[in-house]
Amino acid sequence: MLASANPHKLRELRSALPGWDLSLLDRDDFPPEIGASYLENARVKARFGRRHAPEGALVIGEDSGIEAVALEGGPGVASARWAADGVTQLLDALAGATDRGARYVCVLVAVAPDGREVTASGTLEGSVADGPPRGSGGFGYDPIFVPAGEGRTVAELGDAWKSGHSHRARAAAALAEELRRAGLGAA
């Protein structure tokens, strides 16, 4: 079970974790994302979800963001709350910047029914495009994020590419391995 109300994140994690039975936790009172780190926010969501999920469910909390070099890692952990239109705000903030390097970061925390926690993270290095948003796939900052080694934005590369290469897909693969090592299996 994913402790989130974001169907885009659910779709990505389902794609990255085939065979898992993932669904959104049906709540409208998730705790605010006010932590100082991705880990802190993901852990708060996972623990909240564990309290409200069915008894035997493994619950996953997720937090992610984009970190721009020219903004000293910003907007970072505040990416989702940074601006009403984060894409426009980030493009404006980087106007004239010579270093457009950036990375996506995702942290996942899984809480087992017995309270054991497993964490994993994933990153995707790249840059912020210099120009208008491009592409129709993905969500969030995907129309302006160009992965390292690519010439197209994540939104142009599409959801199939994203399901195997994104920061969230990398975190999911790492989480699956950590859960296996902990003897907790799939969600």
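Data block above holds the structure.
Residues numbered from 1 in each chain as written. Predicted model: local features only at pLDDT ≥ 70, side-chain atom pairs only at ≥ 80, totals over all residues. Heavy atoms only, no water.

**Section: the environment of Ala70**
Logical step 1: For Ala70, the location among the structural elements is in the loop between strand E1 (59–68) and strand E2 (74–75).
Logical step 2: Along the chain, Ala70 and Gly158 lie 88 residues apart, while their C-alpha atoms are 26 Å from each other.
Logical step 3: Not counting chain neighbours up to four residues away, the residues in contact with Ala70 comprise Leu94, Ala97 and Asp99. (Helix = DSSP H or I, 4+ residues; strand = E, 2+ residues; numbered from the N terminus. Contact = heavy atoms within 4.5 Å.)

**Quick word on the layout of surface pockets**
To find leftover empty space, one rolls a probe the size of a water molecule over the atoms.
Logical step 1: Looking at the largest pocket, its volume works out to about 450 Å³.
Logical step 2: At 5 residues, the largest contribution of residues to the lining of the largest pocket is made by E1.
Logical step 3: Across the lining of the largest pocket, the residue classes tally to 12 nonpolar, 9 polar and 7 charged. (1 Å grid on protein atoms, 1.4 Å probe; cavity = no way out; pocket = protein on both sides within 12 Å on 5 of 7 lines; lining within 4 Å. Points joined across faces, edges and corners; volume = space filled by probe spheres on them. Nonpolar A, V, L, I, M, F, W, Y, C, P; charged D, E, K, R; others polar.)

**Brief notes about the nonpolar core**
Logical step 1: With 20 residues, the main nonpolar core has Trp20, Leu22, Ile60, Leu108, Leu175 and Leu179 as its most contacted residues.
Logical step 2: No other element matches the 5 residues that helix H6 (residues 167–181) contributes to this core.
Logical step 3: One finds Leu90, Leu124, Tyr141 and Leu157 within the second-largest nonpolar core, a separate group that totals 16 residues. (Core = buried A, V, L, I, M, F, W, Y, C linked by side-chain atoms within 4.5 Å. Buried < 20%, exposed > 50% of the residue type's maximum accessible area, 1.4 Å probe, protein only.)

**Re the packing of aromatic side chains**
Logical step 1: Tallied over the entire structure, the rule returns 2 aromatic pairs.
Logical step 2: Between Phe30 and Phe48, the ring centres sit 5.4 Å apart and the planes meet at 55°, which makes this aromatic pair tilted. Pair noted here: Phe30 is in the loop between helix H1 (7–16) and helix H2 (38–52) and Phe48 is in helix H2, with a separation of 18 residues, a long-range link. (Phe/Tyr/Trp six-rings, centres within 6.5 Å; stacked < 30°, edge-to-face > 60°.)

**Observations concerning the sheet that holds strand E5 (residues 145–147)**
Logical step 1: One open sheet holds the 5 strands; their spatial order is E2-E1-E3-E4-E5, and the pairing between them is antiparallel. Each having just a single partner strand, E2 and E5 make up the two edges of the open sheet.
Logical step 2: In this fold H6 packs onto E1, strand E3 (101–111) and strand E4 (117–128), with an angle of close to 155° to the strand it touches most, E4. (Pairing = 2+ DSSP bridges. Axes fitted to C-alpha atoms, helices over the stretch in contact; angles between N-to-C directions.)

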